[in-house]
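# Architecture and fold: a report
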Amino acid sequence: MNTLNNQLLRQDFPILHQSIYGKPLVYLDNAATTQKPQVVIDAVSRYYSTINSNIHRGVHYLSQQATDAYETSRKTVQKFINASSIKEIIFTRGTTESVNLVASSYGKANIGAGDEILISTMEHHSNIVPWQMLCEETGAILRVIPINDAGEIILEEYQKLLTDRTKIVSIVHVSNSLGTINPVKLMVEMAHERGIPVLLDGAQAVQHISVDVQDLDCDFYAFSGHKLYAPTGIGVLYGKRALLEKMKPYQGGGDMILSVSFDKTTYNDLPHKFEAGTPDIAGVIGLGTAITYLQSIGLDAIESYEKELLNYATETLSKIKQLHIIGTASDKSSVVSFVIDGIHPHDIGTLLDREGIAVRAGHHCTQPTMKRFGIPATTRASISFYNTTADIDSLAKALKNIITMFE
Ligand code: C6P
């Protein structure tokens, strides 16, 4: 297995080269957040040490440099997901804020009492709660697409749930707790046949597979920087320009206006209309740098390496007879969630930690997904291109020892 020079790439991540409780760190919690390459750390540091200033406001040199760097990142994001214009790229705090922006701005204007919002059983809470809040406010109804035992959306049920009452579909591209890659292009097509717009939650997709929003033809696409090797606190909402033009601002404040008087305020053009207040300038610059770094490796190379590593992890862990993988979709990315007979996932997570192995244990902010499988929680190993088969072997060995301890 080696479609990319994994050992060399690991050198780019300073945090990986340390010991935890005297054991070499094995970081398998990449779905929670990814580690940052030195180029990203340097870009953030360089911003603060050389051009720190506010953007879009100052006439002075530093402000212009910061504005250029900020807007260059927007261009990088636009190209990364193949949006047709930089006006379609809105910087937010992350996926959560991106979904909230759409639910609040698009939702309040277009969804009313008796209308339906369609999500799936495998949504992250941040693609459930904003819609529930909208339902509470407007009297709209939340409908949920069921999933099968493998953790795949049942398309026939989806088709049935698309009706004249459906006003938006909002679904996850890649599930964070099951790893399922949903057939989102087809799902968008099916919704569009009835003129229904679609939001895709790409929090677990953009770092693993090439995303082309024009090809997917989705209306909105949300993702977070910190899962994409960039800093925390920065994310993106892509929206089709025609929809964004019609939407009201999500928040009011500086930078999102053209003029303000006590009688009337006129809003700024896209994308600034949706970026009120001083943004996370360093975060945006870090995000642009992270994307450029990923592109230098190549998303296709990353995807094929991670696929091989996921297969290796699935095969290796499947050999442990007390272990049951939750989420066995035919199309999966980067996540192995599992339960082990008689041992609570939190105990597994804690005992793995003592071996220097970082995983996540819990419901992964997907409680309805856990309920669907009749379990309260799983242990989740989630991989990145910097993980190796040796990491998986360490995980399997530690799990076998834990099982022996409980026998
Ligand atoms: N999932 C995980 O460990 P934010 O917090 O806004 O960056 O991302 C929210 C979010 C939305 N959708 C999906 C599919 C996600 O996986 C996440 C974040 C992390 O799985 C933290 S709960």
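Residues numbered from 1 in each chain as written. Predicted model: local features only at pLDDT ≥ 70, side-chain atom pairs only at ≥ 80, totals over all residues. Heavy atoms only, no water.

## A closer look at helix 7 (residues 184-192)
Within the sequence span of helix 7, burial applies to Val184, Met187, Val188, Met190 and Ala191. Buried residues of helix 7 fall within an arc of 160° about the axis and therefore sit on the same side. Each element contacted by the buried residues of helix 7 is listed here: strand 6 (141-145), helix 6 (155-161), strand 7 (166-172), strand 8 (198-201) and helix 8 (213-216). (Buried < 20%, exposed > 50% of the residue type's maximum accessible area, 1.4 Å probe, protein only. Helix = DSSP H or I, 4+ residues; strand = E, 2+ residues; numbered from the N terminus. Arc of directions from axis to C-beta. Contact = heavy atoms within 4.5 Å.)

## What to know about the sheet that holds strand 14 (residues 335-340)
Here we have four strands laid out as an open sheet, ordered 13-14-17-16, and antiparallel in their pairing. Every other strand in the sheet has two partners, leaving strand 13 (323-326) and strand 16 (360-362) as the edge strands with one partner each. Shown here is a sheet whose adjacent strand axes are inclined to one another by a mean of 30°, direction ignored. Where strand 14 and strand 17 (residues 378-382) come together, four bridges link them in antiparallel fashion. Paired with Phe338 across the bridge in strand 17 is Thr379. Where helix 11 (residues 299-318) meets the sheet, its contacts fall on strand 13 and strand 14, and the angle it forms with strand 14 comes to roughly 10°. (Pairing = 2+ DSSP bridges. Axes fitted to C-alpha atoms, helices over the stretch in contact; angles between N-to-C directions.)

## Overview of the side chain of Ser98
As for its placement among the helices and strands, Ser98 is situated in helix 4 (residues 95-110). With residues up to four places along the chain from it excluded, the contact list for Ser98 reads Thr92, Ala222, Val236 and Leu237.

## Focus: unusual backbone geometry
Cis geometry is adopted by the peptide bond preceding Pro271, which originates at Leu270 and carries an omega value of 0°. In this fold, Pro271 is placed in the loop between strand 12 (265-267) and helix 10 (281-297). The phi dihedral of Asn82 is positive, around 55°, even though this residue is not glycine. Mapped onto the elements of the fold, Asn82 is located in the loop between helix 3 (61-80) and strand 4 (89-92).

## Brief notes about the nonpolar core
One recurring pattern in soluble globular proteins: nonpolar side chains tend to sit buried together. Membership of the largest hydrophobic core comes to 102 residues, with the highest contact counts inside it found for Ile81, Tyr158, Tyr221, Phe385 and Leu399. A per-element tally of this core places helix 10 first, with ten residues. Here this core gathers at least three residues from each of two domains, domain 1 (6-32 + 298-406) and domain 2 (41-296). In contact with Tyr221, not counting residues within four places along its chain, are His173, Leu200, Gly202, Ala205, Val206, Val211, Val213, Leu216, Val236, Leu237 and Tyr238. With 24 residues, the next largest nonpolar core counts Val99, Val102, Ile128 and Ala140 among its residues. (Core = buried A, V, L, I, M, F, W, Y, C linked by side-chain atoms within 4.5 Å. Domains from an automatic or database assignment.)

## Examining the packing of aromatic side chains
By the definition in use, this model includes eleven aromatic pairs. Ring geometry for Phe13 versus Tyr229: centroids 6.0 Å apart, planes at 65°, classification edge-to-face. In this pair, Phe13 sits in the loop between helix 1 (6-10) and strand 1 (19-20) while Tyr229 sits in the loop between strand 9 (220-224) and strand 10 (235-239), placing the two residues 216 residues apart along the sequence. This pair shows no difference in class: Phe13 is buried, exactly as Tyr229 is. Aromatic pair Phe13 and Tyr293: ring centres 6.0 Å apart, planes at 75°, arrangement edge-to-face. Of the two residues, Phe13 is situated in the loop between helix 1 and strand 1 and Tyr293 in helix 10; the sequence distance between them amounts to 280 residues. Just as Phe13 is buried, Tyr293 falls in that class too. The structure contains a cluster of three or more aromatic residues connected by ring pairs, namely Phe13, Tyr229, Tyr293, Phe385 and Tyr386. In this arrangement the basic side chain of Arg354 is found over the ring face of Tyr21, its NZ or CZ atom lying 3.9 Å from the centre. Here the guanidinium or amino end of Arg372 rests over the ring plane of Phe373, the centre of that ring lying 5.3 Å away. (Phe/Tyr/Trp six-rings, centres within 6.5 Å; stacked < 30°, edge-to-face > 60°. Lys NZ or Arg CZ within 6 Å of the ring centre and 35° of its normal.)

## Observations concerning the side chain of Arg74
Counting through the fold element by element, Arg74 comes out in helix 3. For Arg74, a relative accessible area of 0% corresponds to the buried category. At a separation of 2.8 Å, a polar atom in the side chain of Arg74 contacts the main-chain carbonyl oxygen of Ile89. Discounting residues that sit within four places of it in the chain, Arg74 has contacts with His56, Ile86, Ile89, Ile90, Phe91, Pro271, His272 and Glu275. (Polar contact = N/O pair within 3.5 Å; in protein donor to acceptor, adjacent residues only side chain to side chain.)

## With respect to the site of the ligand
In the vicinity of the ligand lie 17 residues, with Thr96, Asp201, Gln204, Ser224 and Arg360 positioned nearest. Within the side chain of Thr96, an N or O atom sits 2.5 Å from an oxygen atom of the ligand. Residue His124 places a side-chain N or O atom 3.4 Å away from a nitrogen atom belonging to the ligand. Protein burial of the ligand: of its 510 Å² of free accessible surface, 88% is covered by the chains. (Near = heavy atom within 4 Å. Areas by Shrake-Rupley, 256 points an atom, 1.4 Å probe, with all protein chains shown as cover.)

## Quick word on the domain arrangement of the protein chain
Considered domain by domain, the protein chain is made up of domain 1 (6-32 + 298-406) and domain 2 (41-296). The centre of domain 1, based on its C-alpha atoms, is set 28 Å off from the matching centre of domain 2. Taken together, the 39 residues of domain 1 in the interface contact 35 residues of domain 2. Here domain 1 meets domain 2 over a buried area of about 2,800 Å², counting both sides, of which 53% is carbon and sulfur. In this assembly, domain 1 and domain 2 are joined by one salt bridge. Its salt-bridge partner being Asp149, residue Arg372 comes within 2.7 Å of it at the nearest N-O pair. At the junction of domain 1 and domain 2, the tally comes to 27 residue pairs in polar contact (both at pLDDT 80 or more). Within the residue set of the side of domain 1 that touches domain 2, elements represented by two or more residues are helix 11, strand 14 and helix 13 (367-372). (Buried area = accessible area lost by both parts, 1.4 Å probe. Salt bridge = Lys/Arg side-chain N within 4 Å of Asp/Glu carboxyl O.)

## Some thoughts on the pattern of salt bridges
Enumeration according to the criterion identifies 18 salt bridges in this entry. We note a salt bridge from Lys23 to Glu355, for which the minimum N-O separation is 3.3 Å. Residue Lys23 is located in strand 2 (residues 23-24), and its partner Glu355 is located in the loop between helix 12 (345-354) and strand 15 (357-358); the two are separated by 332 residues in the primary sequence. With a relative accessible area of 29%, Lys23 lands in the partly exposed category. One connected set of salt bridges, linked through shared partners, spans Glu71, Arg74 and Glu275.

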